[in-house]
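What the coordinates show
Here's the letter readout for the chains.
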Amino acid sequence: MLIEVQGVTKTFVSRGGEQVVALAETTLDVQQGEFLTLIGPSGCGKSTLLRMLAGLVEPTSGRIVWQGTAPARGSEVGFVFQEPVLLPWLSVLDNVRFPLDTFGVDRRAGDEAARQTLELVGLKDFARALPKELSGGMKQRAAIARALVYKPRLVLMDEPFSALDLLTRDRMNDELLAIRAEVGATIVFVTHSVEEAAYLSDRVAVMSARPGQIRTIHTIDLPAPRGEAVKDLPAFHAWLSQLRRDLR
Ligand SMILES: Nc1ncnc2c1ncn2[C@@H]1O[C@H](COP(=O)(O)OP(=O)(O)O)[C@@H](O)[C@H]1O
Ligand SMILES: [Mg+2]
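So, about unusual backbone geometry. The linkage connecting Arg210 with the following residue, Pro211, adopts the cis geometry, with an omega of -10 degrees. Mapped onto the elements of the fold, Pro211 is located in the loop between strand S8 (203-208) and strand S9 (213-219). Here the phi dihedral of Glu159 falls at roughly 50 degrees; this positive angle occurs in a residue that is not glycine. Structurally, Glu159 is set in the loop between strand S6 (154-158) and helix H5 (166-183). Taking the C-beta count within 10 Å as the criterion, Glu159 has 19 such neighbours and is therefore assigned partly exposed. Phi at Arg210 takes a positive value of approximately 45 degrees, unusual for a residue other than glycine.

Neighbouring residues of ligand 1: 13 residues in total, closest Phe12, Ala22, Lys46, Ser47 and Thr48. Put simply, the parts of the chain that give the shell around ligand 1 at least two residues each are strand S2 (19-30) and helix H1 (46-53). Sorting elements by how many residues they give to the shell around ligand 1 places H1 first, with three residues. Of the residues contributing to the shell around ligand 1, the split by class is four nonpolar, eight polar and one charged.

Conventions and cut-offs
- Residues numbered from 1 in each chain as written.
- Chains lettered and ligands numbered in written order.
- Predicted model: local features only at pLDDT ≥ 70, side-chain atom pairs only at ≥ 80, totals over all residues.
- Helix = DSSP H or I, 4+ residues; strand = E, 2+ residues; numbered from the N terminus.
- Buried ≥ 20, exposed ≤ 12 C-beta atoms within 10 Å, placed from the backbone.
- Near = placed C-beta within 6 Å.
- Nonpolar A, V, L, I, M, F, W, Y, C, P; charged D, E, K, R; others polar.

Written as structure tokens, this is what we have:
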């Protein structure tokens, strides 16, 4: 096990002054090396849960416990957002090296690590490009490279492919699986797409809204490694129906 979410509740105070329970009494294990996906209606607390896993937001009550004694330091967690956040005045290489700069890694070692990670995400030839010269899918690959460059134990991805067209999204899904096979990081992923959830995940946690809670967790027993052929299996379609039912 990598992380235990123990009875975590998160309450926000809205601008009007009322309390909003974003997440209620949530208990969840994140297993070492797994691909865990959270699905659920808008506002059910998915992003809040990711931010708490990243240590960006403190639970109101309950605890998030990392395996062993290591606390969740910044360099142990990579975060990929829905909109790739790249610094427009920096080259792709400099964007990817940026977290290493902030961790105090020297420039040469940082460049080397950034180049290797760009190769991993298929952007080797765009190291000198500026973000505005990249397509949406390429920008998101650069953002993924930046989240992987310091080899975090945990990669959190909040609807990373939602803004992409379907074909690009399918391609990014396969690339993500390949990258994951190579780096072996634990991934917690958020999506609205049951297809994406079933295709990518070892487990899918289905959440319900108001108050945000985990309703059920499925182990997706589809063959590995996943590939396009999986999408033709009756078992894949059975999972889509199951997840859609759960979301209703
Ligand atoms: N910083 C915040 N201040 C106040 N309310 C918030 C804040 N962040 C999230 N919320 C509220 O918490 C609930 C869960 O939000 P969020 O985690 O973003 O949901 P999801 O990602 O599943 O759509 C929503 O009702 C949202 O309005
Ligand atoms: Mg969200």
